[in-house]
Amino acid sequence: MGALSELIDSEYGGRFTSTEVKLATNSASYRGVQNDPNCVATTIVNTGANDVYISPLDPASADAGIFLHANGGAVSLTARDDLTLAGREWYVVSPGGDSSLFVIRVIRYVEGK
């Protein structure tokens, strides 16, 4: 076990795995990131050419969402700093046209459970 694994194990009481996914967005709000109560960190990066809005409530919109600027706007959430927001489901929408997101999540698990 490396130093990073040992640190995460001591901080969060278990091992971890990470998931990476690319999402396509458009003008219709949909649940792009699923709820996961074992998720301790989530990073969402707008890799597309249009602005994106994300929200833990449906529907995501320009009036009710967190703004991610085109070509690199991002948000990072951790259980330590943001409590349950890291593991919540997130709805996504890009009202200006098609765009794309890159999502990285760190999921805690306890071996043998």
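Residues numbered from 1 in each chain as written. Predicted model: local features only at pLDDT ≥ 70, side-chain atom pairs only at ≥ 80, totals over all residues. Heavy atoms only, no water.

> Help me out: how do you make sense of the sheet that holds strand E3 (residues 39-46) in this one?
Within a sheet, neighbouring strands are paired by backbone hydrogen bonds and run either parallel or antiparallel to one another. Overall, antiparallel pairing links the four strands, which are arranged E1-E8-E3-E6 in an open sheet. Lying at the two open borders of the sheet, with one neighbouring strand each, are strand E1 (15-25) and strand E6 (74-78). Mean inter-strand twist for the sheet, computed between neighbouring axes without regard to direction, equals 10°. As paired elements, E3 and strand E8 (residues 99-109) share seven bridges and run antiparallel to each other. The residue of E8 that forms the bridge with Asn-46 is Leu-101. (Pairing = 2+ DSSP bridges. Helix = DSSP H or I, 4+ residues; strand = E, 2+ residues; numbered from the N terminus. Axes fitted to C-alpha atoms, helices over the stretch in contact; angles between N-to-C directions.)

> Where do I start with the pattern of salt bridges in this structure?
This model, assessed by the stated rule, comprises one salt bridge. Measuring nitrogen to oxygen at the nearest pair gives 3.1 Å for the salt bridge that ties Glu-89 to Arg-31. Of this pair, Glu-89 sits in the loop between helix H2 (79-82) and strand E7 (90-93) while Arg-31 sits in strand E2 (residues 30-33), placing them 58 residues apart in sequence. The exposure class assigned to Arg-31 is partly exposed, which follows from its relative accessible area of 39%. (Salt bridge = Lys/Arg side-chain N within 4 Å of Asp/Glu carboxyl O. Buried < 20%, exposed > 50% of the residue type's maximum accessible area, 1.4 Å probe, protein only.)

> Looking at this structure, how should I read unusual backbone geometry?
Leaving glycine aside, a negative phi is the common case for residues, and trans is the common case for peptide bonds. Put simply, Asp-58 and Pro-59 share a cis peptide bond, and its omega is 0°. Within the secondary structure layout, Pro-59 lies in the loop between strand E4 (52-55) and strand E5 (66-68). The phi angle at Asn-71 is positive, at roughly 60°, despite the residue not being glycine. Summarising the element assignment, Asn-71 is placed in the loop between E5 and E6. According to the relative accessible area criterion, Asn-71 is exposed, its value standing at 61%.

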